[in-house]
Amino acid sequence: MLRFLFRRSLGAIVILLLISAFTFFLFFAAPRDPALLSCGKNCTPDAIALIHKNLGLDKPIPVQYWDFMSGIVTGRDFAQGPCPAPCFGYSFANGDPVWDTIVDRFPTTVSLTIGGAAVFLTVGLGTGMIAAWKQGKLIDKVFSSASLVLSSMQIYFIGPIVLALLVYNLEILGQPKYVNFTDNPAAWFMGLLIPWCVLSVIFTAQYTRMARSSMIEQLAEEHVRTARAKGMSRGTVFFRYAWRGSLIPIVTIFGIDLGSLFGGAMITEQTFALPGLGTLAVQSVQNTDLPMVMGVMLFAATFIVLFNIIVDACYAFIDPRVRLS
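Quick summary incoming for the structure in this document. (Residues numbered from 1 in each chain as written. Predicted model: local features only at pLDDT ≥ 70, side-chain atom pairs only at ≥ 80, totals over all residues. Heavy atoms only, no water.)

**Considerations on the side chain of Thr 109**
Next, step 1: Relative to the helices and strands, Thr 109 is located in helix α5 (residues 98–133).
Next, step 2: Non-local contacts of Thr 109, meaning those with residues more than four positions away in its chain, are made with Phe 262, Glu 269, Gly 276, Leu 277 and Gly 278. (Helix = DSSP H or I, 4+ residues; strand = E, 2+ residues; numbered from the N terminus. Contact = heavy atoms within 4.5 Å.)

Now the structure itself:
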(Lines give C-alpha, C1' and ligand atoms only; values in the text may rest on other atoms or scores of the structure.)
Protein backbone atom coordinates (compact mmCIF):
# COMPACT_ATOMS: atom_id res chain seq x y z
CA MET A 1 0.00 0.00 0.00
CA LEU A 2 2.79 2.43 0.88
CA ARG A 3 4.57 1.75 -2.41
CA PHE A 4 1.32 2.34 -4.26
CA LEU A 5 0.74 5.67 -2.50
CA PHE A 6 4.36 6.70 -3.15
CA ARG A 7 4.06 5.98 -6.89
CA ARG A 8 0.76 7.81 -7.12
CA SER A 9 2.20 10.78 -5.25
CA LEU A 10 5.10 11.04 -7.68
CA GLY A 11 2.68 10.83 -10.59
CA ALA A 12 0.54 13.54 -8.99
CA ILE A 13 3.54 15.87 -8.73
CA VAL A 14 4.33 15.37 -12.42
CA ILE A 15 0.71 16.07 -13.36
CA LEU A 16 0.63 19.27 -11.30
CA LEU A 17 3.89 20.47 -12.86
CA LEU A 18 2.51 19.86 -16.35
CA ILE A 19 -0.73 21.70 -15.52
CA SER A 20 1.17 24.65 -14.06
CA ALA A 21 3.55 24.88 -17.02
CA PHE A 22 0.74 24.67 -19.58
CA THR A 23 -1.34 27.33 -17.82
CA PHE A 24 1.63 29.64 -17.26
CA PHE A 25 2.95 29.60 -20.83
CA LEU A 26 -0.54 29.72 -22.35
CA PHE A 27 -1.17 32.91 -20.39
CA PHE A 28 1.54 34.75 -22.30
CA ALA A 29 -0.09 33.84 -25.61
CA ALA A 30 -2.86 36.34 -24.74
CA PRO A 31 -2.36 39.70 -26.50
CA ARG A 32 -3.43 41.76 -23.46
CA ASP A 33 -0.69 43.23 -21.24
CA PRO A 34 -1.50 42.59 -17.55
CA ALA A 35 0.41 45.76 -16.60
CA LEU A 36 -2.43 47.79 -18.12
CA LEU A 37 -4.71 46.58 -15.31
CA SER A 38 -2.62 48.43 -12.74
CA CYS A 39 -1.65 51.39 -14.87
CA GLY A 40 -5.01 53.13 -15.20
CA LYS A 41 -6.22 55.47 -17.95
CA ASN A 42 -3.31 57.97 -17.91
CA CYS A 43 -0.69 55.35 -18.60
CA THR A 44 2.81 56.19 -19.85
CA PRO A 45 5.57 53.92 -21.17
CA ASP A 46 7.66 54.66 -18.05
CA ALA A 47 4.77 53.70 -15.79
CA ILE A 48 4.26 50.44 -17.69
CA ALA A 49 7.99 49.66 -17.46
CA LEU A 50 7.91 50.25 -13.69
CA ILE A 51 4.88 47.99 -13.28
CA HIS A 52 6.60 45.29 -15.35
CA LYS A 53 9.56 45.46 -12.98
CA ASN A 54 7.41 45.37 -9.85
CA LEU A 55 5.39 42.42 -11.13
CA GLY A 56 8.44 40.60 -12.47
CA LEU A 57 7.14 40.74 -16.04
CA ASP A 58 10.45 42.18 -17.31
CA LYS A 59 12.17 38.80 -16.87
CA PRO A 60 12.19 35.95 -19.45
CA ILE A 61 9.13 33.73 -19.25
CA PRO A 62 11.03 30.59 -18.07
CA VAL A 63 12.60 32.66 -15.27
CA GLN A 64 9.17 33.96 -14.26
CA TYR A 65 7.84 30.40 -14.17
CA TRP A 66 10.74 29.24 -11.98
CA ASP A 67 10.28 32.18 -9.62
CA PHE A 68 6.57 31.43 -9.33
CA MET A 69 6.97 27.69 -8.66
CA SER A 70 9.89 28.10 -6.25
CA GLY A 71 7.97 30.82 -4.41
CA ILE A 72 5.27 28.29 -3.54
CA VAL A 73 7.84 26.33 -1.53
CA THR A 74 10.25 29.00 -0.27
CA GLY A 75 8.35 32.28 -0.52
CA ARG A 76 9.31 35.43 -2.49
CA ASP A 77 10.01 39.12 -2.08
CA PHE A 78 7.79 41.60 -3.92
CA ALA A 79 7.53 45.36 -4.11
CA GLN A 80 4.50 45.03 -1.81
CA GLY A 81 6.67 43.20 0.73
CA PRO A 82 7.73 39.63 1.57
CA CYS A 83 5.37 36.82 0.59
CA PRO A 84 5.80 33.74 2.84
CA ALA A 85 5.30 30.21 1.56
CA PRO A 86 3.00 29.04 0.13
CA CYS A 87 3.36 32.14 -2.02
CA PHE A 88 1.29 32.44 -5.20
CA GLY A 89 2.13 36.11 -5.57
CA TYR A 90 -0.15 39.13 -5.62
CA SER A 91 -3.11 39.75 -7.89
CA PHE A 92 -2.38 41.85 -10.97
CA ALA A 93 -5.88 43.31 -10.76
CA ASN A 94 -6.14 44.53 -7.15
CA GLY A 95 -2.84 43.65 -5.45
CA ASP A 96 -4.41 41.23 -2.95
CA PRO A 97 -2.39 38.17 -1.86
CA VAL A 98 -3.48 35.25 -4.04
CA TRP A 99 -3.21 32.63 -1.29
CA ASP A 100 -5.33 34.64 1.13
CA THR A 101 -7.98 35.19 -1.55
CA ILE A 102 -8.12 31.46 -2.37
CA VAL A 103 -8.37 30.49 1.30
CA ASP A 104 -11.19 33.00 1.71
CA ARG A 105 -13.13 31.64 -1.29
CA PHE A 106 -12.44 27.93 -0.76
CA PRO A 107 -15.10 27.25 1.93
CA THR A 108 -17.85 28.26 -0.52
CA THR A 109 -16.63 25.89 -3.23
CA VAL A 110 -15.91 22.97 -0.92
CA SER A 111 -19.31 23.36 0.77
CA LEU A 112 -21.01 23.37 -2.62
CA THR A 113 -19.00 20.41 -3.89
CA ILE A 114 -19.35 18.18 -0.82
CA GLY A 115 -23.04 19.01 -0.39
CA GLY A 116 -23.79 18.34 -4.05
CA ALA A 117 -21.87 15.05 -3.91
CA ALA A 118 -23.75 13.99 -0.79
CA VAL A 119 -27.07 14.70 -2.50
CA PHE A 120 -26.42 12.87 -5.75
CA LEU A 121 -24.69 9.91 -4.08
CA THR A 122 -27.55 9.46 -1.61
CA VAL A 123 -30.37 9.96 -4.09
CA GLY A 124 -28.63 8.40 -7.09
CA LEU A 125 -27.44 5.25 -5.33
CA GLY A 126 -30.72 4.93 -3.43
CA THR A 127 -32.93 5.13 -6.51
CA GLY A 128 -30.55 2.89 -8.46
CA MET A 129 -30.67 0.19 -5.78
CA ILE A 130 -34.46 0.40 -5.58
CA ALA A 131 -34.70 0.11 -9.37
CA ALA A 132 -32.47 -2.98 -9.29
CA TRP A 133 -34.48 -4.47 -6.41
CA LYS A 134 -37.71 -3.91 -8.35
CA GLN A 135 -36.23 -4.77 -11.76
CA GLY A 136 -38.82 -4.81 -14.51
CA LYS A 137 -41.59 -3.33 -12.37
CA LEU A 138 -43.26 0.09 -12.58
CA ILE A 139 -40.95 1.86 -10.12
CA ASP A 140 -37.93 0.61 -12.06
CA LYS A 141 -39.33 2.03 -15.29
CA VAL A 142 -40.18 5.36 -13.64
CA PHE A 143 -36.70 5.81 -12.16
CA SER A 144 -34.99 4.75 -15.38
CA SER A 145 -37.09 7.10 -17.53
CA ALA A 146 -36.64 10.01 -15.13
CA SER A 147 -32.87 9.50 -15.12
CA LEU A 148 -32.77 9.69 -18.92
CA VAL A 149 -34.67 12.99 -18.90
CA LEU A 150 -32.65 14.58 -16.08
CA SER A 151 -29.30 13.57 -17.60
CA SER A 152 -29.99 15.87 -20.55
CA MET A 153 -30.50 18.94 -18.32
CA GLN A 154 -27.88 21.63 -17.79
CA ILE A 155 -27.11 23.70 -14.68
CA TYR A 156 -27.48 27.05 -16.41
CA PHE A 157 -30.93 25.95 -17.64
CA ILE A 158 -32.26 24.35 -14.45
CA GLY A 159 -30.89 27.01 -12.09
CA PRO A 160 -32.97 30.00 -13.30
CA ILE A 161 -36.10 27.83 -13.53
CA VAL A 162 -35.73 26.62 -9.93
CA LEU A 163 -35.05 30.19 -8.77
CA ALA A 164 -38.11 31.54 -10.56
CA LEU A 165 -40.36 28.78 -9.24
CA LEU A 166 -39.24 28.24 -5.64
CA VAL A 167 -37.79 31.63 -4.73
CA TYR A 168 -39.64 34.32 -6.67
CA ASN A 169 -43.06 32.79 -7.42
CA LEU A 170 -43.86 30.32 -4.62
CA GLU A 171 -41.43 31.93 -2.15
CA ILE A 172 -40.80 28.56 -0.50
CA LEU A 173 -37.06 29.12 -0.17
CA GLY A 174 -34.87 32.19 0.14
CA GLN A 175 -32.27 33.53 -2.28
CA PRO A 176 -29.21 31.23 -2.37
CA LYS A 177 -26.24 32.63 -0.49
CA TYR A 178 -23.19 31.42 1.39
CA VAL A 179 -23.05 31.72 5.16
CA ASN A 180 -20.09 30.38 7.11
CA PHE A 181 -21.00 27.05 8.67
CA THR A 182 -19.47 27.95 12.03
CA ASP A 183 -21.50 31.18 12.16
CA ASN A 184 -24.92 29.68 11.47
CA PRO A 185 -25.23 26.02 10.40
CA ALA A 186 -28.96 26.35 9.62
CA ALA A 187 -28.43 29.42 7.40
CA TRP A 188 -25.49 27.64 5.73
CA PHE A 189 -27.71 24.66 4.90
CA MET A 190 -30.70 26.65 3.66
CA GLY A 191 -28.55 29.06 1.67
CA LEU A 192 -26.93 26.22 -0.32
CA LEU A 193 -29.90 23.87 -0.58
CA ILE A 194 -30.99 25.04 -4.03
CA PRO A 195 -27.44 25.08 -5.48
CA TRP A 196 -26.86 21.57 -4.10
CA CYS A 197 -30.00 20.22 -5.75
CA VAL A 198 -29.30 21.94 -9.07
CA LEU A 199 -25.65 20.81 -9.10
CA SER A 200 -26.62 17.21 -8.31
CA VAL A 201 -29.40 16.78 -10.91
CA ILE A 202 -27.23 15.52 -13.78
CA PHE A 203 -25.02 13.40 -11.51
CA THR A 204 -28.04 11.90 -9.75
CA ALA A 205 -29.43 10.71 -13.07
CA GLN A 206 -26.08 9.20 -14.07
CA TYR A 207 -25.54 7.41 -10.78
CA THR A 208 -29.08 6.05 -10.76
CA ARG A 209 -28.45 4.26 -14.05
CA MET A 210 -24.94 3.24 -12.98
CA ALA A 211 -26.03 1.83 -9.62
CA ARG A 212 -28.91 -0.07 -11.22
CA SER A 213 -26.79 -1.69 -13.93
CA SER A 214 -23.92 -2.47 -11.53
CA MET A 215 -26.27 -4.09 -9.03
CA ILE A 216 -28.01 -6.18 -11.68
CA GLU A 217 -24.60 -7.32 -12.93
CA GLN A 218 -23.51 -8.25 -9.41
CA LEU A 219 -26.70 -10.24 -8.82
CA ALA A 220 -25.66 -12.46 -11.73
CA GLU A 221 -22.19 -13.17 -10.28
CA GLU A 222 -21.32 -16.71 -9.24
CA HIS A 223 -20.70 -15.94 -5.55
CA VAL A 224 -24.10 -14.27 -5.31
CA ARG A 225 -25.84 -17.25 -6.92
CA THR A 226 -23.96 -19.49 -4.48
CA ALA A 227 -25.24 -17.46 -1.54
CA ARG A 228 -28.77 -17.83 -2.87
CA ALA A 229 -28.29 -21.58 -3.27
CA LYS A 230 -27.28 -21.80 0.40
CA GLY A 231 -30.72 -20.53 1.33
CA MET A 232 -29.83 -16.99 2.36
CA SER A 233 -32.63 -14.45 2.25
CA ARG A 234 -32.97 -12.07 -0.68
CA GLY A 235 -32.18 -9.07 1.51
CA THR A 236 -29.00 -10.64 2.87
CA VAL A 237 -27.79 -11.56 -0.60
CA PHE A 238 -28.70 -8.13 -1.95
CA PHE A 239 -27.02 -5.99 0.70
CA ARG A 240 -24.24 -8.24 2.03
CA TYR A 241 -22.89 -9.61 -1.24
CA ALA A 242 -24.19 -7.79 -4.31
CA TRP A 243 -24.31 -4.24 -2.90
CA ARG A 244 -20.69 -4.22 -1.74
CA GLY A 245 -19.34 -5.49 -5.05
CA SER A 246 -21.43 -3.02 -7.02
CA LEU A 247 -19.66 -0.09 -5.32
CA ILE A 248 -16.32 -0.73 -7.06
CA PRO A 249 -17.22 0.78 -10.48
CA ILE A 250 -19.20 3.54 -8.75
CA VAL A 251 -16.23 4.58 -6.62
CA THR A 252 -14.01 4.49 -9.72
CA ILE A 253 -16.33 6.75 -11.69
CA PHE A 254 -16.80 9.03 -8.69
CA GLY A 255 -13.05 9.65 -8.55
CA ILE A 256 -13.07 10.53 -12.25
CA ASP A 257 -16.21 12.64 -11.89
CA LEU A 258 -14.64 14.83 -9.24
CA GLY A 259 -13.17 17.08 -11.93
CA SER A 260 -16.59 17.39 -13.55
CA LEU A 261 -18.08 18.09 -10.13
CA PHE A 262 -15.66 20.96 -9.63
CA GLY A 263 -16.53 22.27 -13.09
CA GLY A 264 -20.23 22.00 -12.28
CA ALA A 265 -19.62 23.80 -8.97
CA MET A 266 -17.98 26.67 -10.87
CA ILE A 267 -20.97 26.98 -13.20
CA THR A 268 -23.32 26.76 -10.23
CA GLU A 269 -21.45 29.55 -8.47
CA GLN A 270 -21.86 31.74 -11.52
CA THR A 271 -25.55 30.87 -11.80
CA PHE A 272 -26.33 31.74 -8.18
CA ALA A 273 -23.67 34.47 -7.71
CA LEU A 274 -21.84 32.56 -4.97
CA PRO A 275 -18.36 33.86 -4.02
CA GLY A 276 -16.36 30.69 -4.63
CA LEU A 277 -13.31 29.62 -6.60
CA GLY A 278 -15.35 29.25 -9.79
CA THR A 279 -16.42 32.87 -9.76
CA LEU A 280 -12.86 33.88 -8.87
CA ALA A 281 -11.44 31.85 -11.77
CA VAL A 282 -13.79 33.44 -14.30
CA GLN A 283 -13.02 36.93 -13.04
CA SER A 284 -9.28 36.24 -13.10
CA VAL A 285 -9.35 35.00 -16.70
CA GLN A 286 -11.35 38.05 -17.77
CA ASN A 287 -8.84 40.34 -16.01
CA THR A 288 -5.76 38.49 -17.38
CA ASP A 289 -4.70 37.99 -13.78
CA LEU A 290 -1.97 35.34 -14.05
CA PRO A 291 -1.14 34.82 -10.34
CA MET A 292 -4.80 34.36 -9.47
CA VAL A 293 -5.42 32.01 -12.43
CA MET A 294 -2.36 29.93 -11.52
CA GLY A 295 -3.33 29.83 -7.86
CA VAL A 296 -6.88 28.66 -8.52
CA MET A 297 -5.78 26.12 -11.14
CA LEU A 298 -3.08 24.55 -8.95
CA PHE A 299 -5.25 24.57 -5.85
CA ALA A 300 -8.16 22.87 -7.62
CA ALA A 301 -5.88 20.41 -9.45
CA THR A 302 -4.13 19.44 -6.20
CA PHE A 303 -7.48 18.82 -4.52
CA ILE A 304 -8.70 16.66 -7.42
CA VAL A 305 -5.47 14.63 -7.69
CA LEU A 306 -5.37 14.06 -3.92
CA PHE A 307 -8.96 12.89 -3.87
CA ASN A 308 -8.29 10.44 -6.71
CA ILE A 309 -5.39 8.94 -4.75
CA ILE A 310 -7.67 8.50 -1.74
CA VAL A 311 -10.34 6.86 -3.91
CA ASP A 312 -7.82 4.40 -5.36
CA ALA A 313 -6.57 3.54 -1.89
CA CYS A 314 -10.14 2.79 -0.78
CA TYR A 315 -10.60 -0.03 -3.31
CA ALA A 316 -8.99 -2.67 -1.13
CA PHE A 317 -11.23 -1.76 1.80
CA ILE A 318 -14.44 -1.87 -0.23
CA ASP A 319 -13.83 -5.23 -1.91
CA PRO A 320 -11.41 -7.82 -0.47
CA ARG A 321 -10.92 -9.23 -3.99
CA VAL A 322 -9.00 -6.08 -4.90
CA ARG A 323 -5.29 -6.25 -4.07
CA LEU A 324 -2.69 -3.57 -4.66
CA SER A 325 0.77 -4.81 -5.56
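**Section: the packing of α5 against helix α10 (residues 234–272)**
Next, step 1: Two elements in contact, α5 and α10, have axes separated by 9 Å at closest approach and are oriented at 145 degrees. Here the hand of the crossing between α5 and α10 comes out right-handed.
Next, step 2: Of the residues contributing to the contact of α5 with α10, the split by class is 16 nonpolar, 5 polar and 2 charged. (Axes fitted to C-alpha atoms, helices over the stretch in contact; angles between N-to-C directions. Left-handed = near helix turned anticlockwise from the far one by under 90°. Nonpolar A, V, L, I, M, F, W, Y, C, P; charged D, E, K, R; others polar.)

**Brief notes about helix α11 (residues 277–286)**
Residues spaced three or four apart along an α-helix point in a common direction, a consequence of the helix completing one turn every 3.6 residues.
Next, step 1: Buried within α11 are the following residues: Leu 277, Gly 278, Thr 279, Leu 280, Ala 281 and Ser 284.
Next, step 2: Of the residues flanking the end of α11, it is Thr 288, one or two places downstream, whose phi is positive at about 50 degrees. (Buried < 20%, exposed > 50% of the residue type's maximum accessible area, 1.4 Å probe, protein only.)

**Examining the nonpolar core**
Next, step 1: Residues Phe 120, Ile 194, Val 198, Tyr 207 and Leu 261 are the most contacted members of the largest nonpolar core, which totals 29 residues.
Next, step 2: By residue number, the principal contributor to this core is helix α8 (residues 185–219), which donates 11 residues.
Next, step 3: Ignoring anything within four residues of it in the chain, the contact list for Tyr 207 reads Phe 120, Leu 121, Gly 124, Leu 125, Ile 250, Ile 253, Phe 254 and Asp 257.
Next, step 4: Residues Phe 24, Phe 27, Ile 51 and Val 296 belong to the second largest nonpolar core, which totals 23 residues. (Core = buried A, V, L, I, M, F, W, Y, C linked by side-chain atoms within 4.5 Å.)

**A closer look at the state of the cysteines**
Next, step 1: Under the definition given, this model contains 1 disulfide.
Next, step 2: Note on cysteine connectivity: Cys 83 is disulfide-linked to Cys 87, with sulfurs 2.2 Å apart. Its S-S torsion of about 115 degrees marks the bond between Cys 83 and Cys 87 as right-handed, since a negative value means left-handed. When sorted by exposure, Cys 83 lands in the same class as Cys 87, which is buried. (Disulfide = S-S within 2.5 Å.)

**Quick notes on the packing of aromatic side chains**
Next, step 1: Across all of its chains, the model carries 15 aromatic pairs by this definition.
Next, step 2: One aromatic cluster is present, built from ring pairs that chain together Phe 24, Phe 25, Tyr 65, Phe 68, Phe 88, Trp 99, Phe 106, Phe 299 and Phe 303. (Phe/Tyr/Trp six-rings, centres within 6.5 Å; stacked < 30°, edge-to-face > 60°.)

**Section: unusual backbone geometry**
Next, step 1: Residue Pro 86 is bonded to the preceding Ala 85 through a cis peptide linkage, with omega at -5 degrees.
Next, step 2: Inspection of the secondary structure assignment puts Pro 86 in the loop between β2 (81–83) and α5.
Next, step 3: Residues other than glycine seldom take positive phi values, yet Ala 273 does so here, at roughly 55 degrees.
Next, step 4: Following the sequence through the fold, Ala 273 ends up in the loop between α10 and α11.
Next, step 5: Even without a glycine there, the phi angle at Thr 288 is positive, about 50 degrees.
Next, step 6: If you trace the backbone, Thr 288 turns up in the loop between α11 and α12 (290–318).

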